[in-house]
Amino acid sequence: MKNPLHVVVLAAGRGKRMHSDIAKVLHPIGGRAMLEHVLGTVLELASNQSPSWVLEAVHVVRGFSGDAVRAAIEASGLESALSKQGVELFWHEQTEQRGTGHALMQAQGALPSSGHSLILFGDVPLIEAKSLIEMIERLFLDGHASEDRSVILSAMIDEPKGYGRIMRDPESGDVTGIVEERDATEAQRKIAEINSGMMLLPNRHLGRWLSQLSDNNAQSEYYLTDVIAMAHQQGHPVIGHPISDALQIQGVNTLTQLIALERAFQRRLADRLLAQGVKIFDPNRFDVRGSLECDSDVYIDINVIFQGRVRLGRGVRVGAHCVLIDTEVGEGTEILPFTHCESALIGPRSRVGPYARLRPGTELGEENHVGNFVEFKAAKMGAYSKANHLAYVGDALVGSRVNIGAGTITCNYDGANKHQTVIEDDAFIGSDSQLVAPVRVGAGATLGAGTTLTKDAPAGELTVSRAKQLSIAGWKRPSKAIKKS
Ligand code: UD1
Ligand code: CA
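In what follows, the accompanying structure is described. (Residues numbered from 1 in each chain as written. Chains lettered and ligands numbered in written order. Predicted model: local features only at pLDDT ≥ 70, side-chain atom pairs only at ≥ 80, totals over all residues. Heavy atoms only, no water.)

### Regarding the layout of surface pockets
In this approach, a probe sized like a water molecule rolls over the atoms, and the result shows the empty space that is left. Going by this rule: A 1.4 Å probe that fits but cannot get out identifies a cavity on a 1 Å grid over protein atoms alone, an open set with protein on both sides within 12 Å along at least five of seven lines counts as a pocket, and a residue lines either if it has an atom within 4 Å of a point. Grid points are joined across faces, edges and corners, and a volume is the space filled by probe spheres set on the points. Segments assigned H or I by DSSP are reported as helices when at least four residues long, segments assigned E as strands when at least two residues long, and all are numbered from the N terminus. In this classification, Asp, Glu, Lys and Arg are treated as charged, Ala, Val, Leu, Ile, Met, Phe, Trp, Tyr, Cys and Pro as nonpolar, and every other residue, Gly included, as polar.
Each pocket or cavity is described by its volume, and for the largest pocket that value is around 1300 Å³. Taken together, 41 residues form the lining of the largest pocket, with Arg-17, Lys-24, Thr-100, Asp-123 and Asn-253 sitting closest to its centre. If you list the elements that add at least two residues to the lining of the largest pocket, you get strand 1 (3-11), helix 4 (100-108) and strand 12 (193-202). Tallying contributions element by element places strand 12 first for the lining of the largest pocket, with four residues. For the lining of the largest pocket, the class distribution of residues is 13 nonpolar, 18 polar and 10 charged.

### As for the site of ligand 1
Applied cut-off: In these notes, residues near a molecule or strand are those with any non-hydrogen atom within 4 Å of it. Counting of polar contacts relies on pairs of N or O atoms within 3.5 Å, with two restrictions inside protein: one atom must be capable of donating a hydrogen and the other of accepting it, and residues adjacent in sequence are counted only when both atoms are side-chain atoms. What sets the accessible areas is the Shrake-Rupley method with a 1.4 Å probe; for residues, cover comes only from the shown protein chains. Think of it this way: if more than half of a molecule's atoms are within 2 Å of a pocket's grid points, that molecule is in the pocket or cavity.
The environment of ligand 1 is formed by 24 residues, the closest being Gln-94, Gly-99, Thr-100, Glu-180 and Asn-195. Between ligand 1 and Ala-12, the relevant distance is 2.8 Å, taken from an oxygen atom to a main-chain nitrogen or oxygen of the residue. A distance of 2.9 Å separates an oxygen atom of ligand 1 from a polar backbone atom of Gly-13. Protein coverage of the free-state accessible area of ligand 1, which is 760 Å², stands at 93%. Judged by the fraction of its atoms near the pocket grid, ligand 1 is located in the largest pocket.

### A word on helix 2 (residues 66-76)
The periodicity of an α-helix, 3.6 residues per turn, causes residues three or four places apart in sequence to face the same way. In plain terms, the rule: Exposed residues in this analysis have more than 50% of their type's maximum accessible area, buried residues have under 20%, and partly exposed residues fall in between, with area computed by a 1.4 Å probe over protein chains only. The directions from the helix axis to the C-beta atoms are what the arc is built from.
Buried within helix 2 are the following residues: Gly-66, Val-69 and Ile-73. The buried residues of helix 2 occupy an angular sector of 60° when projected down its axis, which confines them to one face. Opposite the packed face of helix 2, turned more than 90 degrees from it, sit the exposed residues Asp-67 and Ala-75. Just past helix 2, the residue Gly-77 takes up positive phi, approximately 80°.

### What about a nonpolar patch on the surface?
Heads up, the condition is: Only residues whose relative accessible area exceeds 30% and that form no salt bridge enter a patch; like-charged residues are grouped when within 9 Å of one another, and nonpolar side chains (Val, Leu, Ile, Met, Phe, Trp, Tyr) when within 5 Å. Put simply, a salt bridge is a Lys or Arg side-chain nitrogen that is within 4 Å of an Asp or Glu carboxyl oxygen.
Taken together, the side chains of Phe-338, Tyr-355, Phe-373 and Leu-390 define a hydrophobic patch exposed on the protein surface, amounting to about 410 Å² of accessible area. Owing to a relative accessible area of 39%, Tyr-355 belongs among the partly exposed residues under this scheme.

### Some words on the packing of aromatic side chains
What counts here: Aromatic contacts are taken between Phe, Tyr and Trp rings whose centres are within 6.5 Å, Trp giving its six-membered ring; a plane angle under 30 degrees counts as stacked, one over 60 as edge-to-face, and the others as tilted.
Summed over the entire model, instances satisfying the criterion amount to four aromatic pairs. Considering the side-chain rings of Phe-286 and Phe-306, the 6.1 Å spacing of their centres and the 55° angle between planes classify their relative orientation as tilted. Pair noted here: Phe-286 is in strand 15 (residues 286-294) and Phe-306 is in strand 17 (residues 304-312), with a separation of 20 residues, a long-range link. Taken individually, Phe-286 and Phe-306 each receive the classification buried, so the pair is uniform in this respect.

### Digging into the packing of helix 4 against helix 7 (residues 203-211)
What counts here: Axis lines are fitted through C-alpha atoms, for helices just across the contact stretch, and the angle between N-to-C directions can take any value from 0 to 180 degrees. Angle categories: roughly parallel below 35 degrees, roughly antiparallel above 145, roughly perpendicular from 65 to 115, and oblique for all the rest. The handedness criterion is simple: a crossing whose near helix is rotated anticlockwise from the far helix by less than a right angle is left-handed, and one whose near helix is rotated clockwise is right-handed. Throughout, a contact is declared for two residues whenever any of their heavy atoms are within 4.5 Å.
It is the contact of helix 4 with helix 7, at a shortest axis distance of 10 Å, that shows an interaxial angle of 130°. Taken together, the axes of helix 4 and helix 7 lie oblique to each other. The crossing of helix 4 and helix 7 is left-handed. Touching Gly-101, Leu-104, Met-105 and Gln-108 of helix 4 are Leu-206, Gly-207 and Leu-210, all from helix 7. Partitioning the contact of helix 4 with helix 7 into residue classes produces four nonpolar, three polar and no charged.

### A look at the coordination of the calcium ion (ligand 2)
As a reminder of what qualifies: For Na, K and Ca the donor cut-off is 3.2 Å; for every other metal, N, O and S atoms count as donors within 2.8 Å. Water does not enter the count, which can leave sites looking incomplete.
Those donors, Asp-123 (OD) and Asn-253 (OD1), are the protein atoms that reach the calcium ion (ligand 2), and they lie 2.3 to 2.4 Å from it. Separated by 130 residues along the polypeptide, Asp-123 in the loop between strand 6 (116-121) and helix 5 (129-137) and Asn-253 in the loop between strand 13 (238-242) and helix 9 (255-275) bring together distant segments of the chain. We classify Asp-123 as buried; its relative accessible area is 12%.

Geometric values such as these leave the question of function open.
Right, dumping it as structure tokens:
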């Protein structure tokens, strides 16, 4: 029979040391709430089929700002993704935050009486499924899960400050307990093996252990860590399973730690992409706040921010200081420095920027040129078209081989409603033209520079709206009396 496994994620704490009104577990790393990272890892665990164990359910203990926590997870789609894997997510509430042991008590009633509970922390976001699987494997002896065994995930770290320390019997090396930093003696503080907080506890003993916890300690809290000494005293084995990758067990208690972890997370991501052939010019100045997918031979210059879902096709080059949000870039396209794109679809072999702004609903075709200080919004442009300088193209349908001159504006808004501008294939829009929508420029039409177009421009013809130029011979500029110094 497979060993049943329930995951319990503790996520009720306020995180006082963050000095924030937002629940700690909702603070993001790489653009995703820490709790989302943890549940994402649980989802990976759920999709792992093992012959020896089965993930039955996941429990989240929420408390401080609990409604916001639940709403964020619901919005992330993780709850339904888990349920698709046959793993239901149960919410539990801890109304008063009285410690990690007290938090687990809130979920304990919903746990079965056999198998194990895997405890994870909402503020330890970078744990990977592979490491959890290795930890779970430690439960098994001769192919059977030992019903009395506990496993704690530990690590040897250079700066153990702030973490609980693992106490071992000096003779046998057996884990005898965990002591919290604030309750530790000078000698215990020197122990370099720390408690990650993640542990596997046998359900058949858990209820009894939790009921025996006391809050007689430096923080007057019910420490979950105290169950380890109980297990040891009652003769049940505790395995200390050390992990060598310290990043995966880093906890976040302060903003300083959050920011340090953010950098380390970004660096790891950059290194992984580099290993796949993405040329990131400086991996220390690289930020993904969501997901980034790259084809081969992509080049990314310094200080680019990728947000939401971004896809870069083969050979795409992104210049320095660009922000790309939910954007897809076709192969061979170059985005020049200081360009900002949001919810845009950019075709292949195009050139965008420097200083271009593509707002939601922009769709550029192949071999487009969009130059400096050009803004697009809810506008589609066909192949080989150009808007090279200083233009606003909003609510527009632009055909192929169109040239939009410098200073062209689609006047799409009348103060109440938005209207469409249609520019057909091969049209030429002279510089400094205003197209007062709704209006249509026919195929092959030319607008003279400075045209204010209020009626449709016929195909193939020149339309000009500016006043005729005239020069007045002999005209004299009025003159002032010249000041003498
Ligand atoms: C805890 C461990 C410590 C370990 C460290 C690893 C205890 C007593 N200490 O300390 O040994 O080295 O994590 O990061 O377990 N939480 C609740 N309800 C509460 C209190 C906490 O849900 O009443 C949740 C928090 O939201 C957080 C997690 O439990 O996700 C850990 O709580 P925190 O107060 O940060 O514990 P640490 O002091 O970091
Ligand atoms: Ca913590």
